[in-house]
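# Coordinate inspection notes
Chain by chain, the residues run as shown.
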Amino acid sequence: PERAATMAENLGQTLGVERVKLLTGTMRGWERDELTRSALFSAFQQKEPPFEPQWLVCTATGEVGVNITSERLVTEATTAD
């Protein structure tokens, strides 16, 4: 979660904080619910991509239990342990 938070912060400084959101398993329910109600998150639930690129930085939480659509995925392989 810390690395994802750092990446989201760096992207936000470069691209603008309104175009970057963070999703981790350490988020409280209220924070997660606020994220799912945001305009940025809803862009990942549409069939057509948004006019400007949006970034959702996730831990493995984004791989399970989330139904979103995107044009690109950047991922990091991790060890089994």
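What comes next is a walk through the structure. Owing to the predicted nature of the structure, the values given are computational and were not obtained by experimental measurement. (Residues numbered from 1 in each chain as written. Predicted model: local features only at pLDDT ≥ 70, side-chain atom pairs only at ≥ 80, totals over all residues. Heavy atoms only, no water.)

### So, the overall build of the protein chain
Just so we agree on the cut-off: Every helix listed is a DSSP run of H or I at least four residues long, and every strand listed is a run of E at least two residues long, numbered separately from the N terminus. In what follows, a contact means two residues having at least one pair of non-hydrogen atoms within 4.5 Å.
For the protein chain, the helix and strand inventory stands at three helices and two strands. Listing the helices and strands of the protein chain from first to last along the sequence gives α-β-α-α-β. In the protein chain, 54% of the contacts between residues at least 6 apart in sequence involve partners at least 24 apart.

### Description of the pattern of salt bridges
Inclusion rule: The salt bridge definition used is simple: a Lys or Arg side-chain nitrogen within 4 Å of an Asp or Glu carboxyl oxygen. Using a 1.4 Å probe on the protein chains alone, a residue whose accessible area is under 20% of its type maximum counts as buried, one over 50% counts as exposed, and one in between counts as partly exposed.
Summed over the entire model, instances satisfying the criterion amount to three salt bridges. One salt bridge in this structure joins Glu-31 and Arg-28, with 3.2 Å as the shortest N-O distance. The exposure class assigned to Arg-28 is exposed, which follows from its relative accessible area of 55%. The salt bridge involving Arg-32 is made with Asp-33; its shortest N-O contact spans 3.6 Å. We classify Asp-33 as partly exposed; its relative accessible area is 31%.

### Focus on the side chain of Ser-38
Rules: Polar contacts, as used here, are pairs of N or O atoms within 3.5 Å; protein pairs need one atom able to donate a hydrogen and one able to accept it. Residues neighboring in sequence count only if both atoms are side-chain atoms.
Along the polypeptide, Ser-38 turns up in the loop between helix 2 (29-36) and helix 3 (39-43). A distance of 2.7 Å separates a polar atom in the side chain of Ser-38 from the backbone oxygen of Leu-35.

### Quick notes on the environment of Arg-3
Along the chain, Arg-3 falls in helix 1 (residues 2-15). In this structure Arg-3 comes out as exposed when scored by relative accessible area, which is 64%. Taking the C-alpha atoms as reference points, Arg-3 and Thr-59, separated by 56 residues in sequence, lie 9.0 Å from one another.

### Focus: the side chain of Arg-19
To be explicit about the condition: Charge counting treats Lys and Arg as positive and Asp and Glu as negative, with His and both chain ends excluded.
Residue position: Arg-19 is located in the loop between helix 1 and strand 1 (20-23). Of the buried charged residues, Arg-19 lacks a salt bridge, with Glu-52 as the closest side chain of opposite charge at 4.3 Å. A polar contact of 2.9 Å, which involves the side chain of Arg-19, links it to the backbone oxygen of Pro-53. If we ignore the near neighbours within four places in the chain, the residues touching Arg-19 are Leu-40, Glu-52, Pro-53, Gln-54 and Trp-55.

### Re the nonpolar core
Selection criterion: We define the nonpolar core as a collection of buried residues of types Ala, Val, Leu, Ile, Met, Phe, Trp, Tyr and Cys that are connected through side-chain atoms lying within 4.5 Å of one another.
In this structure, Leu-23, Met-27, Leu-35, Leu-40, Phe-41, Phe-44 and Leu-56 together form the largest nonpolar core, which totals seven residues. Setting aside residues no more than four positions away along its own chain, Leu-56 makes contact with Lys-21, Leu-23, Leu-35, Phe-41, Phe-44 and Ile-68.

### So, the environment of Ala-8
Looking at where Ala-8 falls in the secondary structure, it is placed in helix 1. Residue Ala-8 is classed as buried on the basis of its relative accessible area, which comes to 11%. Ignoring anything within four residues of it in the chain, the contact list for Ala-8 reads Val-20, Leu-22 and Val-57.

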